[in-house]
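Each chain, letter by letter, is given below.
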Amino acid sequence: MHLYYRKILLMLIDILLVNAVFAAATLFIAQTGIPIMQGAFVKFAAVIAVVSIGSFYLFGLYNRIWEYASVGEIFAVIKAVTLSAFLQYVLNHYLFRQYLPDSVYFLIWLLTIFLIAGSRFCWRAVSDFYSARRLRQPKKRVLIVGAGGAGALVVRAIFNNATEIEPVGFIDDCASKQNMKLFGLPVLGKREDIPFLVEKYGAEEIILAIP
């Protein structure tokens, strides 16, 4: 999907999600017997949309490649949602004069983080799904020497981009890494085991991922 249309789609999804959270909070308030302003949701929906989209845009949520999302993207979502929730709190109190319990704003903040982060990581889930489908096709089987940071980068690049390579496992001389897994691939042995492992797993190529 073209990046421009992806941004538009994400914005529309965000508008639906943040207003769905506020609608759920409004229903919760009504059920607890706390009086709410008549038509508060309708009046506040547009404000929620503008404030949320502005906060998300400020923290770059629409300029990230979510197929490769990591912890840094989660923190960006948390910061963006926190700013949005704070602005909603201020506007709701001082513009709409709608005083709600702090617990309700905490619930809105928490649910919004969950939904916004979840919608973003759906892009990565879809990418991983198609990568897994590609890896199920016949590929050139390879062993990777080095189960460290460089090895992780190599495997991530293969999973995300390669169409003709299938990594079967790692080779690493570190004793503490034996029988461990990295990105779901096992550390199969040490360098002296390479001849045996090449024959056992039918490896056609060895990738060196060491400094």
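The structure under discussion appears in the preceding block.
Residues numbered from 1 in each chain as written. Predicted model: local features only at pLDDT ≥ 70, side-chain atom pairs only at ≥ 80, totals over all residues. Heavy atoms only, no water.

## Observations concerning a nonpolar patch on the surface
A cluster of nonpolar residues, Y4, Y5, I8 and L12, forms a patch on the protein surface that exposes about 440 Å² of accessible area. Summarising the element assignment, I8 is placed in helix α1 (residues 3–32). With a relative accessible area of 34%, I8 lands in the partly exposed category. (Patch = residues over 30% accessible without salt bridge, like charges linked within 9 Å, V, L, I, M, F, W, Y side chains within 5 Å. Areas by Shrake-Rupley, 256 points an atom, 1.4 Å probe, with all protein chains shown as cover. Salt bridge = Lys/Arg side-chain N within 4 Å of Asp/Glu carboxyl O. Helix = DSSP H or I, 4+ residues; strand = E, 2+ residues; numbered from the N terminus. Buried < 20%, exposed > 50% of the residue type's maximum accessible area, 1.4 Å probe, protein only.)

## Some thoughts on the sheet that holds strand β1 (residues 140–145)
Taken in spatial order, the five strands line up as β3-β4-β2-β1-β5 in an open sheet, and their pairing is mixed. Two strands in the sheet have a free side with no partner beyond their single neighbour: β3 (181–182) and β5 (205–208). Taken together, the six bridges between β1 and strand β2 (residues 165–171) define a ladder with parallel strand orientation. Residue pairing for β2: K140 is matched across the bridge by I165. The strands touched by helix α5 (residues 149–161) are β1, β2, β3, β4 (185–189) and β5; relative to β2, the strand with the most contacts, the crossing angle is about 165°. (Pairing = 2+ DSSP bridges. Contact = heavy atoms within 4.5 Å. Axes fitted to C-alpha atoms, helices over the stretch in contact; angles between N-to-C directions.)

## Section: the packing of aromatic side chains
Within a pair of aromatic rings, the relevant descriptors are the distance that separates the centres and the angle that separates the planes. Enumeration over the complete set of coordinates arrives at two aromatic pairs. With centroids separated by 4.9 Å and ring planes inclined at 75°, the aromatic side chains of Y89 and Y105 adopt a geometry described as edge-to-face. Highlighted residues: Y89 in helix α3 (residues 71–94) and Y105 in helix α4 (residues 102–135), separated in sequence by 16 residues. A ring pair is formed by F106 and W109, whose centres lie 5.7 Å apart and whose planes are at 35°; its orientation type is tilted. Of this pair, F106 and W109 are both found in helix α4, three residues apart, which corresponds to roughly one turn of the helix. Since its relative accessible area comes to 48%, F106 is described here as partly exposed. (Phe/Tyr/Trp six-rings, centres within 6.5 Å; stacked < 30°, edge-to-face > 60°.)

## Things to note about the nonpolar core
Judged by nonpolar contacts, the single largest core of 22 residues is most densely connected at F56, L61, V77, V81, I108 and I116. Mapped by element, the contributors of at least two residues to this core are α1, α2 (40–58), α3 and α4. Here this core gets six residues from one element, more than from any other, and that element is α2. Of all hydrophobic cores here, the second largest spans 12 residues; its members include V155, F159, F170 and L185. (Core = buried A, V, L, I, M, F, W, Y, C linked by side-chain atoms within 4.5 Å.)

## A look at α5
Taking 1.5 Å of rise per residue, 13 residues should cover 18 Å, and α5 covers 18 Å from first to last C-alpha, within 8% of that figure. Of the residues making up α5, those classed as buried are G151, A152, V155, I158, F159 and N160. (Expected span 1.5 Å × (residues − 1).)

## Examining the pairing of β4
Bridge count between β2 and β4: two bridges; the pairing is parallel. Along β4, the bridge assignment pairs I171 with G189. In this structure, β3 lies alongside β4, joined through two bridges in antiparallel fashion. In the sheet register, K181 faces β4, and the bridge partner there is P186. Adjacent in sequence and paired antiparallel, β3 and β4 are bridged by two residues, among which F183 carries a positive phi angle near 55°.

## Quick notes on the side chain of R120
Considering the arrangement of structural elements, one finds R120 in helix α4. A relative accessible area of 0% means that R120 is categorised as buried. Within polar-contact distance, the side chain of R120 engages the side chain of S119 at 3.2 Å. (Polar contact = N/O pair within 3.5 Å; in protein donor to acceptor, adjacent residues only side chain to side chain.)

## Description of the pattern of salt bridges
In the structure shown here, the tally under the stated rule is five salt bridges. A salt bridge links R120 to D14, with the shortest nitrogen-to-oxygen separation between them at 2.7 Å. Taken together, the residues span a long stretch of sequence, with R120 in helix α4 and D14 in helix α1 at a distance of 106 residues. A residue is classified by how much of its surface remains accessible, and D14, at 0% relative accessible area, is buried. A salt bridge links D172 to K177; its shortest N-O distance comes to 3.9 Å. The class of D172 is buried, set by a relative accessible area of 12%. Its relative accessible area of 28% is what places K177 among the partly exposed residues.

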